[in-house]
Amino acid sequence: MTEKIKPQIGKNPPRIVKVEQLCEKHDVLIVGGGGREHAIAYKLRMSDKVGDIYAAPGNAGMGVIQTGISATDLDGIIDFVATHDNIRMTIVAPDDPLGMGLVDKLSAKGLRAFGPTRAAAKLEWSKAYAKDFMRRYGIPTAEYATFTDAAQAKEYVTRCKTPVVIKADGLALGKGVVICDTNADAQNAVDEIMNDKKFGAAGNCVVVEEFLKGYEVSLLAFCDGEHYKLMPTSCDHKRALDGDKGLNTGGMGAYSPCPIFGAELMEKTEKTVVAPTVEAMKKEGAPFKGVLYFGLMVDGDDVKVLEYNARFGDPETQSVLPLLESDLYEIFGACIDGTLDTLDIGWSDKRSINVVLASGGYPASYKKGFDISGANDVEEGVNVFYAGVKSGDNGALKTDGGRVLCVQTVADDFKTARDRVYRNIEKISFDGCFYRKDIGNKLA
Ligand code: AMP
Ligand code: GLY
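Below you will find a few notes about this structure. (Residues numbered from 1 in each chain as written. Chains lettered and ligands numbered in written order. Predicted model: local features only at pLDDT ≥ 70, side-chain atom pairs only at ≥ 80, totals over all residues. Heavy atoms only, no water.)

### Some remarks on the site of ligand 2
Line of reasoning, step 1. Around ligand 2 sit Asp236, Tyr293, Asn309, Arg311, Gly313, Asp314 and Glu316, and those are all the residues in its vicinity.
Line of reasoning, step 2. Interatomic distance of 2.8 Å between a side-chain N/O atom of Asp236 and a nitrogen atom of ligand 2.
Line of reasoning, step 3. Between ligand 2 and Glu316, the relevant distance is 2.7 Å, taken from a nitrogen atom to a side-chain nitrogen or oxygen of the residue.
Line of reasoning, step 4. Relative to its unbound accessible area of 200 Å², ligand 2 is 88% covered by the protein chains.
Line of reasoning, step 5. Here the shell around ligand 2 is built from residues that sort into one nonpolar, two polar and four charged. (Near = heavy atom within 4 Å. Polar contact = N/O pair within 3.5 Å; in protein donor to acceptor, adjacent residues only side chain to side chain. Areas by Shrake-Rupley, 256 points an atom, 1.4 Å probe, with all protein chains shown as cover. Nonpolar A, V, L, I, M, F, W, Y, C, P; charged D, E, K, R; others polar.)

Below is the structure:
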């Protein structure tokens, strides 16, 4: 721990604090290896309190020390942290290790970990729990019913108004939601999820939900179990193709903030959604520490929760974190220690946009192993956050996943930011590269 020099009063001799202690840097481990984790590393590197950044597994473009340990190898991660004394914090970014209880296990060994416990992360890993939770505490969300019996679910959906939404209860790589235009489609979706086990055990239970109209906003908050601090809003683009066409993906680009979501809506959302959720998690005996993500559907002045995530969003984080003007390591520490209320967190009022470059074919099958060129030639002020990449024999990065990298920048207005992002994307190439051309194109 870094010690502060305090004025000494009375008889006690002055405490001697070594200079090395004041300047001591802490190493950290980031669990995960996508663009989101790269953005977290980028921001942590700006902290004068952070030394080396390790990652499990990280990726070859993140500029961190890759441990070779996978994000779901809990024992491997715990062993690594326990045997590296200078790692003073583990940041758990992805949903799977959170759902497996990595934060609980690290904490039980006295190791500092940023992220919710397994019980608190249940808001994400069980949609049925999240819906019942919202109903119990009067948090606005779509009408729904849950089923553990496929026959009953199929009978129920024949009577639902269409479109109707069918959701697998558990984690399904963001693919467990099916919007069905007809009752027959809804029956099929139930069959695929519950009987064919398309998403494995995640489909042992389904949520059948009313379809909501409107536009989507992602609102993220740092939480310390008791207090919260909101981040600027952001907007993801989930479909693969321009005009929100094509298949659902992990996200093809994001901007922050969402100008359409003004101060009044924010105030209302804080009052009806954010504060009640944080308060209710305490009542549940699972105070939420970490990043709580509210996926909102907004229709006029009506705001409803579509989903909770128990973590930073991807690719929202790659647009939101570059706007942060405070020390991210200090914020993570305050979330762990329950002292978030003592921090004044600063955000730039500029505009941020990122666009994802993906492998041809994504989110269906795609090829890997293509050389990536031009990513070092981007203009100053433009960030390249890497996701699915690995090192090639020639030292160049090669594609190694569906979402390969994203290009991000900040400017005084969206048009300048968008033009700069797309101008710099032109410099980057790899075989089969594709990206959406319409991220933020409706923004002034
Ligand atoms: P979720 O993982 O629950 O956020 O669902 C993924 C996506 O499905 C959301 O971002 C929405 O685009 C869509 N979606 C989920 N639930 C609904 C709903 N009740 N009405 C309309 N669209 C929905
Ligand atoms: N961008 C949506 C998510 O991270 O789940």
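### Quick notes on helix H8 (residues 150-157)
Line of reasoning, step 1. Of the positions making up H8, those classed as buried are Ala150, Ala153 and Val157. Around the axis of H8, the buried residues are gathered within 65 degrees of arc, so they sit on the same side.
Line of reasoning, step 2. Where H8 is buried, its residues touch strand E6 (144-147), strand E7 (164-168), helix H9 (183-195) and strand E9 (206-210).
Line of reasoning, step 3. Where H8 begins, the side chain of Asp149 points an oxygen toward the backbone nitrogen of Ala151, at a separation of 3.1 Å. (Buried < 20%, exposed > 50% of the residue type's maximum accessible area, 1.4 Å probe, protein only. Helix = DSSP H or I, 4+ residues; strand = E, 2+ residues; numbered from the N terminus. Arc of directions from axis to C-beta. Contact = heavy atoms within 4.5 Å.)

### Focus on the packing of aromatic side chains
Line of reasoning, step 1. A full pass over the atoms with the stated rule returns 13 aromatic pairs.
Line of reasoning, step 2. Summarising the aromatic geometry, the rings of Tyr54 and Phe80 are spaced 5.5 Å apart at their centres and angled 65 degrees between planes, so their arrangement reads as edge-to-face. Placement of the pair is Tyr54 in strand E2 (residues 50-57) and Phe80 in helix H3 (residues 74-82), with a sequence separation of 26 residues. In this pair, the class of Tyr54 matches that of Phe80, namely buried. (Phe/Tyr/Trp six-rings, centres within 6.5 Å; stacked < 30°, edge-to-face > 60°.)

### Some thoughts on unusual backbone geometry
Line of reasoning, step 1. Look at the link from Ser256 to Pro257: it is a cis peptide, with omega at -5 degrees.
Line of reasoning, step 2. Topologically, Pro257 is positioned in the loop between strand E15 (253-256) and helix H10 (263-283).
Line of reasoning, step 3. Each neighbour pair has its own omega, and for Asp314 with Pro315 the value is 20 degrees, a cis peptide bond.
Line of reasoning, step 4. Residues other than glycine seldom take positive phi values, yet Lys197 does so here, at roughly 55 degrees.
Line of reasoning, step 5. One can find Lys197 in the loop between H9 and E9.
Line of reasoning, step 6. Residue classification places Lys197 among the partly exposed positions, given a relative accessible area of 35%.

### Considerations on the side chain of Asp169
Line of reasoning, step 1. Within the secondary structure, Asp169 is located in the loop between E7 and strand E8 (177-180).
Line of reasoning, step 2. Of the side chains with opposite charge, Lys122 lies nearest to the buried Asp169, which makes no salt bridge, at 7.8 Å.
Line of reasoning, step 3. Those residues in contact with Asp169 that lie beyond four places of it in its chain are Trp125, Ser126, Lys127, Ala128, Tyr129, Ala202 and Cys205. (Lys, Arg positive; Asp, Glu negative; His and termini not counted. Salt bridge = Lys/Arg side-chain N within 4 Å of Asp/Glu carboxyl O.)

### Side note on the site of ligand 1
Line of reasoning, step 1. In the vicinity of ligand 1, 14 residues are found, and the nearest of them are Glu209, Glu210, Leu212, Glu216 and Glu307.
Line of reasoning, step 2. Contact between ligand 1 and Glu216: an oxygen atom at 2.4 Å from a side-chain N or O atom of the residue.
Line of reasoning, step 3. One of the side-chain N or O atoms of Glu307 is found 2.9 Å from an oxygen atom in ligand 1.
Line of reasoning, step 4. The protein chains hide 90% of the 470 Å² of surface that ligand 1 would expose on its own.
Line of reasoning, step 5. Of all elements in the fold, only E7, E8, E9 and strand E17 (302-309) reach the threshold of two or more residues within the shell around ligand 1.
Line of reasoning, step 6. Looking at the shell around ligand 1 residue by residue, the classes come out as seven nonpolar, no polar and seven charged.

### Some remarks on the pairing of strand E14 (residues 245-248)
Line of reasoning, step 1. The sheet contact formed by strand E13 (residues 239-241) and E14 spans two bridges and is antiparallel. Note that in E14 the partner of Leu241 across the bridge is Lys245. (Pairing = 2+ DSSP bridges.)

### What about the packing of H8 against H9?
Line of reasoning, step 1. With their axes 9 Å apart at the nearest point, H8 and H9 run at an angle of 165 degrees to one another. Judged on the interaxial angle alone, H9 and H8 are roughly antiparallel. For the crossing formed where H8 meets H9, the hand is right-handed. Facing Ala150, Ala153, Lys154 and Val157 of H8, the residues of H9 in contact are Asn183, Ala186, Gln187, Val190, Asp191, Met194 and Asn195.
Line of reasoning, step 2. For the contact of H8 with H9, the class distribution of residues is six nonpolar, three polar and two charged. (Axes fitted to C-alpha atoms, helices over the stretch in contact; angles between N-to-C directions. Parallel < 35°, antiparallel > 145°, perpendicular 65-115°, else oblique. Left-handed = near helix turned anticlockwise from the far one by under 90°.)

### What about the environment of Asp185?
Line of reasoning, step 1. In this structure, Asp185 sits in helix H9.
Line of reasoning, step 2. In this structure, the C-alpha to C-alpha distance between Asp185 and Thr158, residues 27 residues apart in sequence, is 9.9 Å.

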